[in-house]
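Commentary on secondary and tertiary structure
Next come the chains, spelled out residue by residue.
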Amino acid sequence: MRVNLQPAFLLHSRPYRDSSQLLEVFTPEYGRLSLVGRGVHRKARGGSLRATLQPFRPLLLSFSGRSELQSLVSAEPAGLAITLRGERLFSGLYLNELLLRLLHSQSPHQALFAYYGETLHNLSGEAAIDTVLRSFELRLLDELGYGFDPLWDVRAQSSVKAEAWYEYHPGLGLVECHSQAVPEHSRFAGHDLQAIAKGQFGGARSQVAKRLLRQVIAEHLGGRPLHTRELFRQFRQKAVQ
Amino acid sequence: MMKFSPALMDLIEALRCLPGVGPKSAQRMTLHLLERDREGATALAEALQYAMARVDHCQRCRNFTELDICEICSDSRRDRHMICVVETPADVLAVEQSGSYRGLYFVLMGHLSPIDGIGPVEIGLDKFQQRVVEEGIEEVILATNPTVEGEATAYYLSDMLLPRGIKVSRIAHGVPLGGELEYVDGSTLAHAFSGRRKLEQ
């Protein structure tokens, strides 16, 4: 099977053998794909394939092969690289790791692909980082079929009430709880959940939204933490010192 | 099928650890060494053994050396207030050959690559910070590669150094000498424009 000029974003690459690279890419029609870019490094001397194959850059890839690991035939840029500066670069890497860990290979994700591109553009602008990341996380969970609904109390089988407290049960969803029974850092106020569902993550709510989505995502990561999050934590810690 | 003796087979197999050497080239090298250049082969074996036993990282810049402190770090004619941060020993060589820099180096032996689990400690940034403070460095030049990981590393470093009042600069990205604008990649050209330099009389 040969695929020509498939739009793609590179999520991650690592060196392979002498001059090749193993590429993890995200495409609309095939979802996450692993490709071998043979001689990518070598060509870097004459051409610029290595320079083209960078994350956050819209690409057009042609590849072929029958197995899980296909071969890259050609790569060309489909636009300018999206420049993420400073902290936003780490956020971009976080998105990539999230996709790498959660996306299933070889299943189409047209809408998510478009939304990923949009998210990168938002990140490169002035938009608040937290808001951009949370919207992407919610959308990602939705597109992958994990279907997390911040407005649904799974035990009561009804909508979340603004004045009640809720906690997140892995595998189930949100369940109403008593404010005394559950420590503050693992319970969520109903009115916050309602705001999160509307996409209002700003201000004081950003911490709540982060805490909630972190719990939901952790459930699907299978126990292994995200490295980018750890790096970001070290980075923040250093800033405090 | 004819087979070589075990010693020969071992040598062929061992040579394959070199980059770009497959079974056929390894066999050719082995036979060449045995047939024509036994002296060279002995020298190679000795040099390999010596280097493997002795060469380690310089305690200051992490570059490869068989000394405790490498020659560049101990050279008194160099500017001791400037440090250039690079990713690999090959980068040190490249900068040295350009002859345009007379300060010290720090070799990261990689770059931040969070997805692979390579964080600031793995590339020795804690050591680097300590060194900058202890040696009273005034200027740090970030010469990591202009890749996403290289930029992340540069940003992490600048964020670490700037609050300490250290001058930090990043190498320029732009059109290569002798290049033609028509063939330069769009992103590079965008960098070249945003980093343009004002001409003065």
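Residues numbered from 1 in each chain as written. Chains lettered and ligands numbered in written order. Predicted model: local features only at pLDDT ≥ 70, side-chain atom pairs only at ≥ 80, totals over all residues. Heavy atoms only, no water.

All names here are of chain B. Taken in spatial order, the four strands make up an open sheet running β4-β3-β5-β6, and their pairing is parallel. Lying at the two open borders of the sheet, with one neighbouring strand each, are β4 (103–107) and β6 (167–170). Between one strand axis and the next, the sheet turns by 25° as a mean value, whatever way the strands run. One ladder, built from four bridges, connects strand β5 (residues 139–142) with β6; its direction is parallel. Paired with I141 across the two strands is S169, which belongs to β6. Packed on one face of the sheet, helix α5 (residues 89–98) meets β3 (79–86) and β4 and runs near 160° to β4. Each of β3, β5 and β6 touches helix α7 (residues 148–161); the most contacted strand, β6, lies at about 165° to it. (Pairing = 2+ DSSP bridges. Helix = DSSP H or I, 4+ residues; strand = E, 2+ residues; numbered from the N terminus. Axes fitted to C-alpha atoms, helices over the stretch in contact; angles between N-to-C directions. Contact = heavy atoms within 4.5 Å.)

So, about the domain arrangement of chain A. All names here are of chain A. Domain boundaries in chain A define domain 1 (1–138) and domain 2 (147–219). The partner domain 2 presents eight residues to the nine residues of domain 1 that form the contact. Between domain 1 and domain 2 the total buried area reaches about 770 Å² when both faces are included, carbon and sulfur atoms providing 77% of it. For the domain 1 face of the interface with domain 2, the top three residues by lost area are D130, R134 and L138, together amounting to 62%. At the junction of domain 1 with domain 2, the criterion picks out zero salt bridges. Connecting domain 1 to domain 2 are zero residue pairs in polar contact (both at pLDDT 80 or more). Within the residue set of the side of domain 1 that touches domain 2, elements represented by two or more residues are α3 (87–102) and α5 (129–143). (Domains from an automatic or database assignment. Buried area = accessible area lost by both parts, 1.4 Å probe. Salt bridge = Lys/Arg side-chain N within 4 Å of Asp/Glu carboxyl O. Polar contact = N/O pair within 3.5 Å; in protein donor to acceptor, adjacent residues only side chain to side chain.)

Let's shift gears to helix α1 (residues 6–15) of chain B. Residues and elements named next belong to chain B. Burial in α1 covers these residues: L8, I12 and L15. With its buried residues spanning 70° around the axis, α1 presents them on a single face. In α1, the exposed residues that point more than 90 degrees away from the buried face are P6, A7 and D10. On its buried face, α1 is in contact with α2 (23–35). (Buried < 20%, exposed > 50% of the residue type's maximum accessible area, 1.4 Å probe, protein only. Arc of directions from axis to C-beta.)

Turning our eyes to something else, we now look at a nonpolar patch on the surface. The grouping of L44, L48 and M52 of chain B at the surface amounts to a nonpolar patch, some 320 Å² of accessible area in total. Looking at where M52 of chain B falls in the secondary structure, it is placed in helix α3 (residues 38–54). (Patch = residues over 30% accessible without salt bridge, like charges linked within 9 Å, V, L, I, M, F, W, Y side chains within 5 Å. Areas by Shrake-Rupley, 256 points an atom, 1.4 Å probe, with all protein chains shown as cover.)

Next up on the list: the pairing of strand β1 (residues 2–16) of chain A. Residues and elements named next belong to chain A. The pairing of β1 with strand β4 (residues 59–64) spans five bridges and is antiparallel. Opposite V3, over in β4, you have F63 as the bridge partner. Where β1 meets strand β2 (residues 20–27), seven bridges bridge the pair, whose relative direction is antiparallel. From the neighbouring strand, Y16 faces β2, where its bridge partner is S20. Here β1 folds back onto β2, and the loop between the two strands holds three residues, one of which, R17, carries a positive phi near 50°.

What follows is about the pattern of salt bridges. A pair can form between side chains of opposite charge whenever their charged atoms are brought close. Here the structure, examined in full by the defined rule, presents 14 salt bridges over all chains. Here D116 of chain B ties to R14 of chain A by a salt bridge, and the two come within 3.7 Å at their closest N and O atoms. Residue D116 of chain B is found in the loop between β4 and α6 (125–135), and its partner R14 of chain A is found in strand β1; the two belong to separate chains. R131 of chain B is the partner of E135 of chain B in a salt bridge, and the nearest nitrogen-oxygen pair spans 3.1 Å.

A word on the packing of α3 of chain A against helix α4 (residues 110–124) of chain A. Helix-helix packing is characterised by the crossing angle of the two axes and by the distance between the axes. All names here are of chain A. For the pair α3 and α4, interaxial distance at closest approach is 10 Å and the crossing angle is 165°. One finds that α3 runs roughly antiparallel with respect to α4. Here α3 and α4 pass one another in a crossing that is right-handed. Residues R88, S91, G92, L95, N96 and L99 of α3 touch α4, and the partners they reach there are L112, Y116, T119, L120, N122 and L123. Grouping the amino acids of the contact of α3 with α4 by side-chain chemistry returns six nonpolar, five polar and one charged. (Parallel < 35°, antiparallel > 145°, perpendicular 65-115°, else oblique. Left-handed = near helix turned anticlockwise from the far one by under 90°. Nonpolar A, V, L, I, M, F, W, Y, C, P; charged D, E, K, R; others polar.)

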